[in-house]
Amino acid sequence: MDRFILSSVLGGRMSVHARSCGLDTETLLWVSRSAAVPMTSAGGYNPSRDESGVIDPATVPQPQSDGPLAVEQGWHLERDFPEILSGRPAEAEMLRLSAAEDHWRTALLEAVRFHAREWPGRPDGDALIDLDPAMALIAAATSCTDEMLRGRVQWLLRYPSVGIWAATMVRALCRPQVGDAAELRKRLSYLNAIAAAAAIQAQLPFSLRLPVWDGWLVLPGIGALLLPEGDTNGAPWVAVESDGFRMCAAGVELEGDPWYELPILADSPGRVVLDRMDPFRSVRGMLSPMPVRGHEAESWRSVFEQSSGVLRALGRGQGCDYLRGLACIVPEELRERFRPHSVSCADGTGGFTASFQDEPLQFAGTLVHEGQHSRLSMLAHLFDVFGDPSASATRLQYYAGWRDDPRPLAGMLQGVYAFAGVADYWSWQAETSTNEDHGGGDYRALARFEAELWSQQVVRAARELLHAEGLTEPGRLMLGAVLRRIQSSVRTPGRRLQGTDQQAITAARICASDHQAAWFARHRQPDAARVAELALAWTCGYPLPLTPSEVTAELQPSTDGAHLDARAVLWRHRLDPVGGPRLDPGLVGAVEGADRADFDLVNGDAAQALRGYRERAERGADAQAWVGLGLALRAAAPASLAPAADLLLHRPELAMAVHAASDGHGDPVALAAWLAG
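Keep in mind it's a predicted model, so treat the numbers as computed, not measured.

## Things to note about the pattern of salt bridges
- For the coordinates displayed, the defined rule picks out 39 salt bridges.
- Between Asp405 and Arg407 there is a salt bridge whose closest N-O contact spans 3.6 Å.
- Judged by its relative accessible area of 25%, Asp405 falls in the partly exposed class.
- Of the charged contacts in the structure, one is a salt bridge between Arg616 and Asp595, with a shortest N-O distance of 2.8 Å. Taken as a pair, Arg616 in helix 23 (residues 606-618) and Asp595 in the loop between helix 21 (566-575) and helix 22 (596-602) lie far apart in primary sequence, 21 residues in all.

## What to know about unusual backbone geometry
- Positive phi, close to 60°, is recorded for Gln203, a residue that is not glycine.
- Turning to its location among the elements, Gln203 is positioned in the loop between helix 12 (190-202) and strand 1 (206-213).
- The phi dihedral of Asp663 is positive, around 55°, even though this residue is not glycine.
- For Asp663, the location among the structural elements is in the loop between helix 26 (652-661) and helix 27 (668-676).
- Residue class for Asp663 comes out exposed when judged on its relative accessible area of 74%.

## What about the sheet that holds strand 12 (residues 351-355)?
- An order of 8-9-10-12-11 is seen for the five strands of this open sheet, with the pairing classed as mixed. A strand with exactly one partner marks an edge of an open sheet, and here the two such strands are strand 8 (264-266) and strand 11 (342-343).
- Direction of pairing for strand 10 (residues 328-332) relative to strand 12: parallel, over a ladder of five bridges. Across the sheet, the residue bridging to Val330 is Thr353, located in strand 12.

## Overview of the side chain of Ser377
- On the secondary structure map, Ser377 appears in helix 14 (residues 360-380).
- Leave out the neighbours within four places in its chain, and Ser377 touches Ala346, Thr349 and Gln414.

Cut-off values and rules
Per chain, the residues get numbers from 1 upward, laid out in the order the sequence is written. For this predicted model, a pLDDT threshold of at least 70 governs which residues receive local features, and a threshold of 80 or more governs which side-chain atom pairs are given and counted, while totals over whole chains, interfaces and linings are taken from all residues. The side-chain numbers reported here are obtained from all heavy atoms of the structure, hydrogens and water having been left aside. Any Lys or Arg side-chain nitrogen located within 4 Å of an Asp or Glu carboxyl oxygen qualifies as a salt bridge. Relative accessible area decides the class of each residue, using a 1.4 Å probe on protein chains only: under 20% of the type maximum gives buried, over 50% gives exposed, and in between gives partly exposed. The way it works is that DSSP assigns letters per residue, a run of H or I at least four long becomes a helix, a run of E at least two long becomes a strand, and they are numbered from the N terminus. Only strands that DSSP links by at least two bridges are regarded as paired with each other. Any two residues whose heavy atoms approach within 4.5 Å at even a single point are treated as in contact.

Below is the structure:
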């Protein structure tokens, strides 16, 4: 937070103005601090959010580890949220958490009003914008006596873009640098759009000026009106009126063409819409409205309905709870199979951006994954799960088995929690799935692969994080609960394993080791002096002058593109019941980041793969090739070369560095054997 706001705190002005906005000082501090660093669904610091700025968290007064609402309610993390703590949504706890999130959103909106009044860049001391009328209309909507209408208003205030907008505005308003005041004023006027949408849900009359985005007047969670060209005369807003039942903007009633209503995916257990219209729909910054129409909307409805059915079939009474709190999906195009993309942010709980997936079993996993992120973010609004962002958010130091890049502590905690849910989901599918469940295909082997792979990665990360600097007590409790859950439900199969299960488990463990080794090769740099010493001895034919354990390596994150999951994707294709026992030759070149040697290795042709990897490794610093060489040696080479395989899977960066320092001298396999001693 900037010096102006900090001095206000020290001088007592924050306390006075906080009360005038209906907030106590501690709540305002907690909300402002939590909004200081934008978090993606991977939980990390997102420096691309330059349009809103970032508060320096080191200057924000640190509140107590439990948030004001948790203290006020007397809530204790382990006692009151034990199931959610371990990653399982439980109805009673979810209702409590949802009520707390309502309080959080209200406090966040009030924080925007406070910071807008105190903005250091306001011209000549004038108010930047009067947000009081919109806040009064929202308050009236939330107080309507009709329970059904009040529920619609609450749904709107929980809408993801409302949270993203509010947190974005807190960050922007706390910047000491004065930006474009007119643009900031327009973005702040989005609160009028929120108020108008709330009034429509509560059937209240209103008259407001609403912002126009690329010719569209957008009502959050409801729809948008494409204004006739020239109706706004280039103005950034338009006057809108409603009698509580009908609404007119620039003389056009909002129904029929050109009114666009957001496609509805479901109405139970809550409304879920497709939204590519809201300018604040994404963590990536402001986006132009893009309607979802016709076949695209129908395709999404179909896969969402089927995926919801998959989740409802889950045991332990938790299927519907995985969908609880979901309000919107921002759709993207179909991507490569087994490489779905999804992203959400802590500011916008209840929604996420996702690529289209036409396989319900896979998309159900995405719903679980993103639901986990939302729940942990909501929990972090009550308890200090992530700790001081100034200490951990920008330090990219940890290995995550679900990412190609190093991650900060907060991102790791988010990933552990999300993928624990994914592992649990696939474990349940492996235990209960039948051929009749999914179109006649036996998905149990693929499900067992996913369950084992993600449980391996989660357990490895959680155990490392338990000793992490900056880990808070709530974070430690979450990690412990997740580890116990993985051990009890995922790592202990409830039925006798078959041959295909064993193959899937073995493949998952290979892929876990593969990913970690390739990550080491890409991001760790061994000591240059020691590497030079080894390279000289190698090229001269001398004995090994020092052991690999004597060569330290530092983390130096690489920005080069990578697909460290390439061989895991090929394994998914091989275990997929749609294919056969061997990979389709058509996949060669179709899986990004994989080549013929990878195809041969996964297909069981280790000797052929060994030749391919050796040729690739001879050509230079190809992390995937050097690690693949180790995997192929382990699968096909004689026992005498086992130490060389182990060296390539545990210290691939050392072999690559020595090979490069010796100008590619000698055979890569012989080099690995020499380094292994």
